[in-house]
Amino acid sequence: MQLSVVILAAGQGKRMNSDLPKVLQPLAGQPLLQHVIRTARALDPAGIYVVYGHGGAQVQSALSHEPVEWILQAEQLGTGHAVMQAMCVIPDAHCVLVLYGDVPLIRTPSLKKLVALADEGSLAVLSVNVDDATGYGRVIRAADGRLTAIVEHKDATPEQLQIREINSGIMAAAAGRLREWLLGLASNNSAREFYLTDVVAGAVTANHRVEAVRTARAAEVTGVNDKLQLAQVEALYRRERAEELMLAGATLADPARIDIRGDVKVGRDVFIDINAVLSGSVELAAGVKIGPNCIISNSQLGAGTEVFANSIIDHAEVGENCRIGPFARVRPDTVLHRDVHVGNFVETKASEIGVGSKVNHLSYVGDSRIGTGVNVGAGTITCNYDGYNKWPTVIEDGVFIGSGSMLVAPVRIGAGATIGAGSTITENAPAGELTLTRARQTTLSGWRRPDKLDDEEKAAAIDAALKPPPPRR
Ligand code: UD1
Ligand code: CA
């Protein structure tokens, strides 16, 4: 059977107390709905239908890049009503899998089990046993264990409230049958809504097979209705990603203190210290070491590279065996070749630094091309901006830049040149020579340090010194 996935995302999410529609609330930096769509896509379905309503335009525009069909549910009359909206466009011969935009940690193996049961003609629902079932629909079974109904928390008897097996909301069935059951729904319940969950009772009455797949992982079906649950799901997500990294060979100083907000690949024997934030697409090759409090996004780090505490690396390509930080800021379009050192309080942007070159202390390197074996002294700045335009700096192989130099771009420092400390370089410096700009050193003999003044003397001195000039005629 071909598969159609329906994702319910029309609810307002009142309990969020937020202007942002619930399904756009961020989990690991991406909308909840984005996570659900990603999981749906992994099943390779014939179509994905997102039922939207509340904050519709906002939801659609946030996810406009996704290959999904948008189905409007103009009025939110319940989950059953929401699925019905999508049924108009789904052929009877398809299998329908219903996912919830607010249940983001669901995984494909559980879904595949549901779809397989639906393909055999059953209505398959995903359930789980939890300690605290508050708010969830309860799974009602007959004495022989057969599933007979799902009862919403609000509608449950005190006895039913004791049941710990809850409905995840996620289910699968043949489209033709699902349509029949949905047409039989009524809204005579405490919420005055058409509950999707009532299709279970409908299927049982019609003598169709109903099966509950019980997953062992409560995390997978945790729903997000308020900010508290959002934080819980974030913590679960963090834990799952951390486990993946550890299984791939990374050592984490503390798996509870790492944030992974994207697609992170690690090689063997990577070490990541506490409070690392890794976002977007990040690749850490074998043996990379990340110090505490580092933020790395959309970057590749070559084997053996070490990043020391409190460094930020964004959209950069870093070669093998580099040393970065502590307190370095490697900004977008930085390319570091192998064995490069970028030290403390150094900022780089849109710059390429050649093999074995060092920029070790307190420097700004922007729009620059630095060759191999270059030493950029402490406090060197590439003055790349004239207030209107950005200009490039080229530093050729083997150059030595003395500390505290200003390189006023556009400017080129020829191969093997030496720049004297404290120079302001405005013209190209020739290869192999010493170039410097520096006022001559003088000594004033007989100079005396100032006397300590009392408050009155000091005030008088300030008045005299700061007196405005007489107006010009
Ligand atoms: C639902 C289930 C409950 C289950 C729980 C699991 C029903 C009646 N109840 O309850 O058995 O234990 O999920 O998390 O299905 N939505 C629409 N249109 C609507 C109403 C809701 O698209 O008219 C969407 C919401 O945006 C949300 C999802 O459906 O993504 C679930 O709705 P919600 O109101 O959160 O249902 P729960 O009370 O959590
Ligand atoms: Ca919910």
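Thresholds applied
Residues numbered from 1 in each chain as written. Chains lettered and ligands numbered in written order. Predicted model: local features only at pLDDT ≥ 70, side-chain atom pairs only at ≥ 80, totals over all residues. Heavy atoms only, no water. Helix = DSSP H or I, 4+ residues; strand = E, 2+ residues; numbered from the N terminus. Rg over C-alpha atoms; globule rule 2.2 N^0.38 Å. Buried < 20%, exposed > 50% of the residue type's maximum accessible area, 1.4 Å probe, protein only. Contact = heavy atoms within 4.5 Å. Lys, Arg positive; Asp, Glu negative; His and termini not counted. Charge placed at Lys NZ, Arg CZ, Asp CG, Glu CD. Domains from an automatic or database assignment. Patch = residues over 30% accessible without salt bridge, like charges linked within 9 Å, V, L, I, M, F, W, Y side chains within 5 Å. Areas by Shrake-Rupley, 256 points an atom, 1.4 Å probe, with all protein chains shown as cover. Salt bridge = Lys/Arg side-chain N within 4 Å of Asp/Glu carboxyl O. Phe/Tyr/Trp six-rings, centres within 6.5 Å; stacked < 30°, edge-to-face > 60°. Lys NZ or Arg CZ within 6 Å of the ring centre and 35° of its normal. Pairing = 2+ DSSP bridges. 1 Å grid on protein atoms, 1.4 Å probe; cavity = no way out; pocket = protein on both sides within 12 Å on 5 of 7 lines; lining within 4 Å. Points joined across faces, edges and corners; volume = space filled by probe spheres on them. Nonpolar A, V, L, I, M, F, W, Y, C, P; charged D, E, K, R; others polar. Donors = N, O, S within 2.8 Å, 3.2 Å for Na, K, Ca; no water. Near = heavy atom within 4 Å. Polar contact = N/O pair within 3.5 Å; in protein donor to acceptor, adjacent residues only side chain to side chain. Sits in = over half its atoms within 2 Å of the grid points.

Visitor: Help me understand the overall build of the protein chain, please; the structure alone is not making it clear to me.
Guide: A count of helical and extended segments in the protein chain gives nine helices and 39 strands. At 32 Å, the protein chain has a C-alpha radius of gyration far larger than the 23 Å of a compact globule built from 473 residues. Expressed as lengths along the three principal axes of its C-alpha atoms, the size of the protein chain is roughly 110 × 55 × 40 Å. Within the protein chain, the fraction of its 473 residues that count as buried is 45%. Taking the contacts inside the protein chain whose residues are at least 6 apart along the sequence as the reference set, 41% of them involve residues at least 24 apart. Considering the protein chain, the positive charge centre built from 46 side chains and the negative charge centre built from 52 side chains are found 3 Å apart.

Visitor: Any chance you could explain the domain arrangement of the protein chain here in plain terms?
Guide: Often the size quoted for an interface is simply the accessible area lost on bringing the parts together. Taken as a whole, the protein chain is organised into domain 1 (3-221) and domain 2 (248-435). Its C-alpha centre places domain 1 at a distance of 49 Å from the equivalent point of domain 2.

Visitor: Whenever I open this one, a negative patch on the surface confuses me. Can you help?
Guide: Judged by side-chain charge, Asp454, Asp455, Glu456 and Glu457 come together as a negatively charged surface patch. Position of Asp454 among the secondary structure elements: in the loop between strand S39 (434-435) and helix H9 (455-466).

Visitor: Looking at this structure, I do not really get the pattern of salt bridges. What am I missing?
Guide: Any two side chains of opposite charge can pair, on the condition that their charged atoms come close. What the rule picks out here adds up to 21 salt bridges. Notably, a salt bridge pairs Arg41 with Glu66, separated by 3.1 Å at the nearest N-O pair. Of this pair, Arg41 sits in helix H1 (residues 32-42) while Glu66 is found in the loop between helix H2 (56-62) and strand S5 (69-72), placing the two residues 25 residues apart along the sequence. Here Glu240 and Arg241 are joined by a salt bridge, their closest N and O atoms 3.8 Å apart. Here Glu240 matches Arg241 in class, with each residue buried. In this structure, a network of salt bridges that share partners links the residues Arg107, Arg217, Glu240, Arg241 and Glu244.

Visitor: Help me understand the packing of aromatic side chains, please; the structure alone is not making it clear to me.
Guide: Here the distance between the centres and the angle between the planes together describe a pair of aromatic rings. The tally for this structure, following the rule as stated, stands at two aromatic pairs. Measuring from ring centre to ring centre gives 5.8 Å for Tyr52 and Trp70, while their planes differ by 85 degrees; the resulting arrangement is edge-to-face. With a gap of 18 residues between them, Tyr52 in strand S4 (residues 47-52) and Trp70 in strand S5 connect regions that are remote in the sequence. On the basis of relative accessibility, which here comes to 13%, the residue Tyr52 falls in the buried class. Judged by relative accessible area, which is 21%, Trp70 ranks as partly exposed. Judged by centre distance (5.1 Å) and plane angle (10 degrees), the ring pair of Phe327 and Phe345 falls under stacked. With Phe327 in the loop between strand S22 (323-324) and strand S23 (329-330) and Phe345 in the loop between strand S25 (341-344) and strand S26 (347-349), the pair connects residues that are 18 residues apart, well separated along the chain. Taking the ring centre of Tyr237 as reference, the NZ or CZ of Arg241 above it sits at 4.5 Å.

Visitor: Teacher, can you tell me more about the sheet that holds strand S16 (residues 289-290) here?
Guide: In a beta sheet, neighbouring strands pair by backbone hydrogen bonds and run either parallel or antiparallel. Pairing in this open sheet of eleven strands is parallel, and the strands run S12-S14-S16-S19-S22-S25-S28-S31-S34-S37-S39 from one edge to the other. Here the strands that pair on one side only, and so sit at the sheet edges, are strand S12 (251-252) and S39. Taken together, the two bridges between S22 and S25 define a ladder with parallel strand orientation. Paired with Ile324 across the two strands is Val342, which belongs to S25.

Visitor: What exactly am I supposed to notice about the layout of surface pockets here?
Guide: Leftover empty space is mapped by rolling, across the atoms, a probe with the size of a water molecule. Roughly 1,500 Å³ of internal volume is contained in the largest pocket. Mapped onto the lining of the largest pocket, the elements with two or more residues apiece are strand S1 (3-9), helix H3 (79-87), strand S10 (165-174) and helix H8 (227-247). Partitioning the lining of the largest pocket into residue classes produces 15 nonpolar, 22 polar and ten charged. In terms of lining, the second largest pocket is formed by 24 residues, of which the most central are His35, Arg38, Tyr237, Arg241 and Glu244. Those elements that provide at least two residues to the lining of the second largest pocket are H1, H8 and strand S13 (258-266). The element contributing the most residues to the lining of the second largest pocket is S13, with seven residues.

Visitor: So what exactly am I meant to see when it comes to the coordination of the calcium ion (ligand 2) here?
Guide: A four-donor tetrahedral metal ideally has 109.5 degree angles, and a six-donor octahedral metal ideally has angles of 90 or 180 degrees. Within the protein, the atoms that donate to the calcium ion (ligand 2) are Asp102 (OD) and Asn225 (OD1), at distances of 2.4 to 2.5 Å. Of this pair, Asp102 sits in the loop between strand S6 (95-100) and helix H4 (108-119) while Asn225 sits in the loop between strand S11 (210-215) and H8, and the two are 123 residues apart along the sequence. Since its relative accessible area comes to 12%, Asp102 is described here as buried. Judged by its relative accessible area of 17%, Asn225 falls in the buried class.

Visitor: Quick question: what am I supposed to make of the site of ligand 1 here?
Guide: Near ligand 1, the surroundings consist of 23 residues, among which Gly11, Gln73, Thr79, Glu152 and Asn167 are the closest. At a separation of 2.9 Å, an oxygen atom of ligand 1 approaches a polar backbone atom of Ala10. One nitrogen or oxygen atom from the main chain of Gly78 is found 2.8 Å from an oxygen atom belonging to ligand 1. Here ligand 1, which alone exposes 760 Å², has 91% of that area covered by the protein. Given that more than half its atoms are within 2 Å of the pocket grid, ligand 1 belongs to the largest pocket. Of all the secondary-structure elements, those providing two or more residues to the shell around ligand 1 are S1, H3 and S10.

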